[in-house]
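What follows is the residue order along each chain.
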Amino acid sequence: MDLDVTTILFLAFFGFVAAFIDSTVGGGGLISLPALLGLGIPPYLALGTNKLAGTISSATSSVTFIRMGKYDKKLMALLFPVSLVGAYLGAKTVLFVPQEVLKVLVIVMMAAIFVYTLINKRFGETSSFKGLTRFSLGLGIPLTFLIGFYDGFFGPGTGSFFVFLMVLLFGYDFVIAAGNGRILNLASNIAALFVFIVEGKVIFLTGLTMGIAMLLGATLGARLAIKTGVRYVRPLFLLVSISLITKMIYELIFT
């Protein structure tokens, strides 16, 4: 597709906003994917192109969290390849499972996460992490695989699922959970992007144009999350969750 000045500005604006949000709690695809579809890009090409831009965003925010020390090095060394393999297999099997079934399941899961976080006012406010245990890893490894698989297969809400997993199962506060979540989301993005590239479903110039704007958005978003802490991340997590639920219900009913 041709990139005139108006299109470049359009991609830059929505890419920046999407990455700013995605860098902490995920959900940037709520903004970037519809923007690409709005340009008339066919769905599968839009998905692949969005993965290219999203990979740039998650890589940028991951580096920011890593430099600030807001992540768990040992846990990420264990779970990064798990997320990678899960997303690769998810992307490879996307054509074999009805997405409508998955949409309903995801809506229910996101609604449960939203209600749980809303009711538990101090959820993710402070860290209760006391080290990695057989129990947390025994659940964390397969759940990370499933979330990675989901990202490769479908995608919306992946970052939020990772953050929720880090807070609920491992006991991290929202900021460390955000750092861990971005790193795991980077793994799933890389794997899914690889499949889309092999299948020829990526418009590189468009994805890179949006991705450049995402560099700035992801850096600023991650830095703000680290600086302001839970008082910024928790309400943003709730806002993104309810937005995702609303969008998916609308699409399920009207499309």
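One structure accompanies this document, and this report is about it.

Quick notes on the rules
- Counting restarts for each chain, with residues numbered from 1 along the sequence as it is written.
- Predicted model: local features are reported for residues with pLDDT of at least 70 only, side-chain atom pairs are reported and counted for 80 or more only, and whole-chain, interface and lining totals are derived from all residues.
- Working from all heavy atoms in the structure, the side-chain values ignore hydrogens and water.
- Only buried residues count toward a nonpolar core, which is a set of Ala, Val, Leu, Ile, Met, Phe, Trp, Tyr and Cys residues joined through side-chain atoms within 4.5 Å.
- In this scheme, a residue with accessible area under 20% of its type's maximum is buried, one over 50% is exposed, and one in between is partly exposed, where area comes from a 1.4 Å probe on protein chains only.
- Elements are defined by DSSP. Helices are runs of H or I of four residues or more, strands are runs of E of two residues or more, and each kind is numbered from the N terminus.
- For this analysis, residues touch if any pair of their heavy atoms sits within 4.5 Å.
- What a helix should span is 1.5 Å times the count of its residues minus one.
- Pairs of N or O atoms within 3.5 Å make up the polar contacts considered here, provided that, within protein, one atom can donate a hydrogen while the other can accept it, and that residues adjacent in sequence are counted only when both atoms are side-chain atoms.
- Each reported salt bridge corresponds to a side-chain nitrogen of Lys or Arg within 4 Å of a carboxyl oxygen of Asp or Glu.

## Things to note about the nonpolar core
Counting residues in each nonpolar core, the largest one holds 45 residues, and the members touching the most others are Leu75, Met166, Phe170, Tyr172, Phe174, Val233 and Phe237. Contributions of two or more residues to this core are made by helix 1 (5-25), helix 4 (73-92), helix 5 (99-119), helix 6 (134-153), helix 7 (158-168), helix 8 (174-198), helix 9 (204-228) and helix 10 (230-254). Ranked by residue count, the leading element in this core is helix 10, at ten residues. When residues no more than four places from it in sequence are discounted, the contact partners of Phe170 are Leu75, Leu79, Phe129, Leu132, Ser136, Leu137, Gly140 and Leu165. Grouped together as the second largest cluster of nonpolar side chains are twelve residues, Leu11, Ala35, Leu36 and Ala218 included.

## Things to note about helix 4
Under the 1.5 Å per step criterion, the end-to-end length of helix 4 is 29 Å for 20 residues, consistent within 8% with the ideal 28 Å. For helix 4, every residue scored as buried is listed here: Leu75, Met76, Leu79, Val82, Ser83, Gly86, Ala87, Gly90 and Ala91. Contacts from the buried residues of helix 4 go to helix 6, helix 7 and helix 8. N-capping of helix 4 is provided by Asp72, with a side-chain oxygen placed 3.1 Å from the backbone N of Lys74.

## Regarding the pattern of salt bridges
In this structure the tally under the stated criterion is two salt bridges. Arg182 is paired through a salt bridge with Asp22; the nearest N and O atoms lie 2.7 Å apart. Of this pair, Arg182 sits in helix 8 while Asp22 sits in helix 1, placing them 160 residues apart in sequence. A single burial state applies to Arg182 and to Asp22, both of which are buried.

## Describing the environment of Phe237
With respect to the secondary-structure elements, Phe237 resides in helix 10. Sequence separation between Phe237 and Asp22 is 215 residues; the distance between their C-alpha atoms is 10.0 Å. Setting aside residues no more than four positions away along its own chain, Phe237 makes contact with Val25, Ile113, Thr117, Ser160, Val163, Phe164 and Phe174.

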